[in-house]
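Structural overview for review
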Amino acid sequence: MANGVLSFPLTSFRADGSLDPDGFRAHVAAQIATAPGAVFPACGTGEFFSLDEDEYRRVVGIAVEEAAGRVPVVAGVGYGWAQAVRFARIAEEAGADALLVLPHYLVAAPQDGLVAQLAHIAARTRLPLIAYQRGQVTFGADAFRRITRIPGVIGLKDGHSDLDRLQRLTLAAPEGFLFFNGAATAEIQARAYATVGVPAYSSAVHAFAPEIANAFFTALHGGDGGTVDKLLREFYVPLVELRDRVPGYAVSLVKAAARLRDRPVGPVRAPLTDPSAADLADLATLLTTGLDLVGADL
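The present account deals with the structure reproduced in this document. (Residues numbered from 1 in each chain as written. Predicted model: local features only at pLDDT ≥ 70, side-chain atom pairs only at ≥ 80, totals over all residues. Heavy atoms only, no water.)

1. Thoughts on the overall build of the chain
From N to C terminus, the chain includes 11 helices and eight strands. Taken over C-alpha atoms, the radius of gyration comes to 18 Å for the chain, in line with the 19 Å a tight globule of 298 residues would show. Dimensions of the chain, computed from the C-alpha atoms along their principal axes, are close to 50 × 45 × 35 Å. Across the 298 residues in the chain, those meeting the buried criterion constitute 53%. Taking all contacts inside the chain whose residues are at least 6 apart in sequence as the whole, residues at least 24 apart take part in 71%. In the structure as shown, the chain presents an accessible area of about 12200 Å², 53% of it carried by carbon and sulfur atoms. For the chain, the distance from the average site of its 26 positive side-chain charges to the average site of its 32 negative ones is 5 Å. (Helix = DSSP H or I, 4+ residues; strand = E, 2+ residues; numbered from the N terminus. Rg over C-alpha atoms; globule rule 2.2 N^0.38 Å. Buried < 20%, exposed > 50% of the residue type's maximum accessible area, 1.4 Å probe, protein only. Contact = heavy atoms within 4.5 Å. Areas by Shrake-Rupley, 256 points an atom, 1.4 Å probe, with all protein chains shown as cover. Lys, Arg positive; Asp, Glu negative; His and termini not counted. Charge placed at Lys NZ, Arg CZ, Asp CG, Glu CD.)

2. Re the packing of aromatic side chains
Taken as a whole and assessed by the stated rule, the structure comprises 13 aromatic pairs. Taking the centre distance of 5.9 Å and the plane angle of 35° together, the rings of Phe144 and Phe179 count as tilted. With Phe144 in helix α5 (residues 141-148) and Phe179 in strand β7 (residues 178-181), the pair connects residues that are 35 residues apart, well separated along the chain. Neither Phe144 nor Phe179 differs from the other in exposure class; each is buried. For the pair Tyr201 and Phe217, a centre-to-centre distance of 6.0 Å together with 45° between the ring planes defines the contact as tilted. (Phe/Tyr/Trp six-rings, centres within 6.5 Å; stacked < 30°, edge-to-face > 60°.)

3. Some details on the pattern of salt bridges
In this structure the tally under the stated criterion is 18 salt bridges. In this structure, the salt-bridge partner of Asp112 is Arg146, at a minimum N-O distance of 2.9 Å. Within this pair, whereas Asp112 is found in helix α4 (residues 111-122), its partner Arg146 is found in helix α5, the two being separated by 34 residues in sequence. Taking relative accessible area as the criterion, Arg146 reaches 26% and is therefore assigned partly exposed. One connected set of salt bridges, linked through shared partners, spans Arg25, Glu65 and Glu66. (Salt bridge = Lys/Arg side-chain N within 4 Å of Asp/Glu carboxyl O.)

4. With respect to the sheet that holds β7
If you walk across this open sheet you meet the five strands as β3-β4-β5-β6-β7, and the pairing is parallel. What marks the edges here is a single partner per strand, and that holds for β3 (74-77) and β7. Within this sheet the neighbouring strands show an average axis-to-axis angle of 25°, counted without direction. The pairing of β3 with strand β4 (residues 98-101) spans four bridges and is parallel. Directly across from Val74, in β4, lies its bridge partner Ala98. Of the strands in this sheet, β4 and β5 (129-133) touch α4, which is tilted by about 155° from β5. (Pairing = 2+ DSSP bridges. Axes fitted to C-alpha atoms, helices over the stretch in contact; angles between N-to-C directions.)

5. Description of a nonpolar patch on the surface
Nonpolar side chains collect at one region of the surface, where Tyr105, Leu106 and Val107 lie side by side and expose about 360 Å² of accessible area between them. By the element assignment, Leu106 lies in the loop between β4 and α4. (Patch = residues over 30% accessible without salt bridge, like charges linked within 9 Å, V, L, I, M, F, W, Y side chains within 5 Å.)

6. Remarks on the environment of Phe8
Looking at the secondary structure, you find Phe8 in the loop between β1 (6-7) and α1 (21-32). Residue Phe8 is classed as buried on the basis of its relative accessible area of 5%. Setting aside residues no more than four positions away along its own chain, Phe8 makes contact with Phe40, Cys43, Thr45, Leu100, Lys157, Ser202 and Ala207.

This is the structure in structure tokens:
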């Protein structure tokens, strides 16, 4: 998975809020055609929290069909462990290769509880698990060592960007354990994560501008610091500043950018909201700038 950008496709909805399977199929097929390291349907960017079980089944199944074994398909699961297991079984039946365990719902939990959450899920699915520490989920060193010993737990995605803590975890990990940079707009911190042994990262930008995401990835891994700096300065940093204007823009801006490129993804579902007209205009200008930087057209 470190050999390409990790793709987190958007879930397509119609104007009335219903699932658009045909739109999602077209979107995920276009994502897979750009050769990502893996595709992660029904995760945070894919509005997992807004999907019922039947919709989830359709989304994961379509992703598996379109991937056709060319790239791994890692489906999101979440809420409490009992509900996570229900989604895990659906993903397993649909043919997913692994699961990303999203932060559990609402409550803060002690370290023992975080370990138990993963153990309960792992014991009830044949699919390997990647834990996701973000929000209220943070693994201390002892808890981390314990989750690495749970059969089926193969990796950790980090969204906290505490590189001191993360370095300690990478050093304590068994050989072959996977780590992923899951920071919001991960490219901003991709170089820093790589210095502590975490080169693989997810890219929300890949969902609407794979040309930009892949150009950044190539420059980063090719040691082209000038291109990395230019893309960060002129595209990624302004994107983060725009994203931070309104809660939920981490998803709704991505969808809006995809719509600007005529991708069939539709609107976001409540409680998210689509960007204002002013923010959409700023997004269109920034998207044009980013595409120009890599020699691509809107």
